[in-house]
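# Per-entry structural report
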Amino acid sequence: MSRNIFLMFIIYLLLVTQVSDSAVPHNADTAILTDSAKTEQDSLFVQINQSFRKIKPILEYSCYDCHSADTKKPWYFNIPGISSFIKSHIKEGRKHLDFTDGFPFKSDKTQLAILHDIKEEIKNRDMPLFSYRIMHWGRLIEFEQKDSLFFWLENTETVLETFYELYNIPYKKVDLEQ
């Protein structure tokens, strides 16, 4: 087995064991790992997250307050009424997408759908929410940051699709160019 095919197989095993069964389409048999495969998977997981670390600061600045456990509460957080509004935004945000543990992201969607949604939300200027941007100027992801993030999203999607195709794992094609 060539090194690339082996690495793609390890990526698949990583995704299967790190993401809920409903998040990544796969055959149940592929989720069983030997000890040596688990060790290789852990090593590869570190490598995958290294690529995420390159764009993580962009997401930390613009997304982590609502989509991670690393929420920085603003000075106005304790004002009655505003606190419950912010808490509900955070709860809702983390329910849909949680960056806390890196890639693969926690979500009720497949990883391909998450990558697509992130790009669409940023492209359409729907995220960060306007209500958040009013009090946090400069949090919109634009220019070079957007280009870097989109490059990472598209490359990660390509790796996942290639892997799924290589191992005949059914998945729904998501068009990032819409």
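As shown above, the structure is provided for reference.
### Some thoughts on unusual backbone geometry
- Of note, the amide linkage connecting F103 to P104 takes the cis form, showing an omega dihedral of 5 degrees.
- Of note, P104 is situated in the loop between α4 (82–96) and α5 (111–123).
- The linkage connecting M127 with the following residue, P128, adopts the cis geometry, with an omega of -10 degrees.
- As for its placement among the helices and strands, P128 is situated in the loop between α5 and α6 (130–135).

### Section: the packing of aromatic side chains
- Inspection of the entire model under this criterion finds nine aromatic pairs.
- Judged by centre distance (5.7 Å) and plane angle (5 degrees), the ring pair of Y64 and F99 falls under stacked. You can see Y64 sitting in helix α3 (residues 64–67) and its partner F99 sitting in the loop between α4 and α5, a full 35 residues away along the chain. Considered together, Y64 and F99 belong to a single accessibility category, that of buried residues.
- Joined through ring pairs, the aromatic side chains of F52, Y64, F99, F103, F105 and W152 make up one cluster.

### Focus on the pattern of salt bridges
- Taken as a whole and assessed by the stated rule, the structure comprises nine salt bridges.
- Residues R139 and D65 are paired through a salt bridge, measuring 3.9 Å at the closest nitrogen-oxygen approach. In this pair, R139 is assigned in the loop between α6 and α7 (143–166) and D65 in helix α3, connecting sequence segments 74 residues apart.
- Taking the relative accessible area as the measure of exposure, R139 reaches 18% and is therefore buried.
- Close ionic contact of E154 with K119 constitutes a salt bridge, the shortest N to O distance being 2.2 Å. Within this pair, whereas E154 is found in helix α7, its partner K119 is found in helix α5, the two being separated by 35 residues in sequence.
- A relative accessible area of 5% places K119 in the buried class.

About the cut-offs
- The written sequence of each chain sets the order in which its residues are numbered from 1.
- In view of the model being predicted, local features appear only for residues whose pLDDT reaches at least 70, and side-chain atom pairs are presented and counted only at 80 or more, with totals across whole chains, interfaces and linings using the full set of residues.
- Only heavy atoms go into the side-chain values, all of them from the structure, while hydrogens and water stay out.
- Labels follow the DSSP assignment, with helices taken as runs of H or I lasting at least four residues and strands as runs of E lasting at least two, numbered in each case from the N terminus.
- Pairs were defined over the aromatic rings of Phe, Tyr and Trp, the Trp ring being its six-membered one, requiring ring centres within 6.5 Å. Orientation was assigned from the angle between planes: stacked under 30 degrees, edge-to-face over 60, tilted for the rest.
- Exposure is judged per residue with a 1.4 Å probe applied to protein chains only, and the accessible area is read against the type maximum: over 50% gives exposed, under 20% gives buried, and values in between give partly exposed.
- Salt bridge criterion: a side-chain nitrogen from Lys or Arg within 4 Å of a carboxyl oxygen from Asp or Glu.

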